[in-house]
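Chains, contacts and geometry: an overview
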Amino acid sequence: MARKVLIVEDENNIAELLHLYLEKEGFETDVAGDGGKGVERFRAFRPDLVLLDIMLPVMDGWSVLKKIREEDNTPVIMLTAKGETDDKVSGLEMGADDYIVKPFEMKEVLARIHAVLRRFGVEEGGEEKKLSYDKLTVNLDSYELMVDGRRVDTPPKELELLYHLASAPNRVFTRNQLLDEVWGFDYFGDSRTVDVHIKRLREKLEGVSSQWSLKTVWGVGYKFEVTNS
Ligand code: CA
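To start, this report covers the structure provided alongside it. Every chain is numbered independently, its residues counted from 1 as its sequence is written. Local features in this predicted model are restricted to residues whose pLDDT is 70 or higher, and side-chain atom pairs enter the listing and the counts only when it is 80 or higher, whereas totals over whole chains, interfaces and linings include all residues. Note that water and hydrogens are dropped before the side-chain values are worked out from all heavy atoms of the structure.

**Quick look at the overall build of the chain**
In DSSP terms, a helix is any run of H or I states spanning at least four residues, a strand is any run of E spanning at least two, and both are numbered starting from the N terminus. Scanning the chain from N- to C-terminus turns up eight helices and twelve strands. When burial is assessed residue by residue, the chain has 44% of its 229 residues classed as buried. When checking whether two residues touch, look at their non-hydrogen atoms; a contact exists if any pair is within 4.5 Å. Pairs at least 24 apart in sequence give 56% of the contacts found in the chain among residues at least 6 apart. Accessible area is worked out with a 1.4 Å probe on protein chains only. A residue is then buried under 20% of its type maximum, exposed over 50%, and partly exposed in between.

Rendered as structure tokens:
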């Protein structure tokens, strides 16, 4: 079944390019040229993922994102203009799942779409839920954490949190995103829950490898940082 992507973009040539490229890659797409139509098409088309421009006529990308989030947690990738770093941060805080900076390469867009869909379990492809890095294996099938060749007992939520972060290396997640995506919307905790779990994970992982680490991004959240060395 083809995955559906809604493109909300007022620049015709960009929208057209995304539409053609994604259709060629096997996605079903729909295009909305302003924010109002974006919300309308979101409800009618029921996309698996939304590509959302920020500067839009009628209703801007932030307002569209808010409307979408009032209804469900369909993954949203924001399209931001170069240099709008504040937009990235506010986008993530407002519940966007990733962002792509314009001008972008179609290949990058495709890679981001696949990564986000995988994270949401929309795309599985039968692969096992196991991530491996230098001296680290996180297995979400057997719920096993292997650190430097040894099995380390880890509570399920810690393992799920680590898996979630490590499945999108170098991507910053806000605490609220992690709460929603790892604990679920109906969880009655606050962001300190995330901090506590990160702290416990760090105790298990600190100094194990120089190729990755759990990083705090001040004022935003956390990321699983991977350095190419
Ligand atoms: Ca625009």
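Read on, since the account is not over.
**Remarks on unusual backbone geometry**
Omega for the bond connecting K102 with P103 falls within 30 degrees of zero, at -5°, which places this linkage in the cis form. Looking at the secondary structure, you find P103 in the loop between β5 (98-102) and α5 (106-119). In this structure, V58 is a non-glycine residue whose phi angle is positive, near 70°. Secondary-structure assignment places V58 in the loop between β3 (49-53) and α3 (61-71). On the basis of relative accessible area, V58 is assigned to the exposed category, the value being 72%. Even without being a glycine, D148 presents a positive backbone phi close to 50°. Along the chain, D148 falls in the loop between β8 (144-147) and β9 (150-152).

**Some details on the coordination of the calcium ion**
Here a donor is an N, O or S atom found within 2.8 Å of the metal, or within 3.2 Å if the metal is Na, K or Ca; sites may look incomplete because water is not among the atoms. Coordination of the calcium ion by the protein comes from D10 (OD), D53 (OD) and M55 (O), over a distance range of 2.1 to 2.4 Å. The exposure class of D10 is partly exposed, given its relative accessible area of 30%. According to the relative accessible area criterion, D53 is buried, its value standing at 4%.

**Focus on the side chain of E9**
Within the secondary structure, E9 is located in the loop between β1 (4-8) and α1 (12-24). Each polar contact in these results corresponds to two N or O atoms within 3.5 Å; when the atoms are within protein, one needs to be able to donate a hydrogen and the other to accept it, and residues that are neighboring in sequence are counted only if both atoms are side-chain atoms. Among the polar contacts listed, one links the side chain of E9 to the backbone nitrogen of E11, at a separation of 2.9 Å. Contacts of E9, omitting those with residues within four sequence positions, involve I14, A15, A32, G33, D53, L56, L79 and K102.

**Digging into the sheet that holds β8**
By the convention used here, strands pair only if DSSP detects at least 2 bridges between them. Taken in spatial order, the four strands make up an open sheet running β6-β7-β8-β9, and their pairing is antiparallel. Pairing within the sheet leaves two strands with one partner each, and these edge strands are β6 (130-133) and β9. Strand-to-strand twist across the sheet, computed as the mean angle between neighbouring axes with direction ignored, equals 20°. Strand direction decides the pairing type here: strand β7 (residues 136-139) and β8, joined by four bridges, are antiparallel. Considered in β8, the bridge of V138 is made with L145. Lines are fitted to the C-alpha atoms to define the axes, a helix being fitted only along its stretch in contact, and any angle between axes, read from their N-to-C directions, falls within 0 to 180 degrees. Seen against the sheet, helix α6 (residues 156-166) touches β6, β7 and β8 and runs at an angle of roughly 110° to β7.

**Section: the packing of aromatic side chains**
Here the distance between the centres and the angle between the planes together describe a pair of aromatic rings. Geometry of aromatic contacts follows a simple scheme: Phe, Tyr and Trp rings, the Trp one being its six-membered ring, pair when their centres are within 6.5 Å, and the pair is stacked under 30 degrees between planes, edge-to-face over 60, tilted otherwise. Scanning the entire structure with this criterion turns up two aromatic pairs. Note on W212 and F224: the rings are 5.7 Å apart at their centroids and 20° apart in plane angle, and the pair reads as stacked. Residue W212 is located in strand β11 (residues 212-217), and its partner F224 is located in strand β12 (residues 221-226); the two are separated by twelve residues in the primary sequence. One aromatic cluster is present, built from ring pairs that chain together Y133, W212 and F224. For a Lys NZ or an Arg CZ to count as sitting over a ring, it must be within 6 Å of the ring centre and within 35 degrees of the ring normal. Over the aromatic face of F45 sits the side chain of K4, whose NZ or CZ is 4.9 Å from the ring centroid. Against the face of F173 rests R171, its NZ or CZ located 4.0 Å from the ring centre.

**Brief notes about the sheet that holds β3**
The pairing of strands in a sheet happens through backbone hydrogen bonds and is either parallel or antiparallel. Taken together, five strands build an open sheet; the order of strands is β2-β1-β3-β4-β5 and the sheet is parallel. Every other strand in the sheet has two partners, leaving β2 (28-32) and β5 as the edge strands with one partner each. Ignoring which end each strand starts from, the neighbouring axes of this sheet average 20° apart. The sheet contact formed by strand β4 (residues 76-81) and β5 spans five bridges and is parallel. Bridged to L79 within β5 is I100. The strands that α5 touches are β3, β4 and β5; relative to β5, the one it contacts most, it runs at about 175°.

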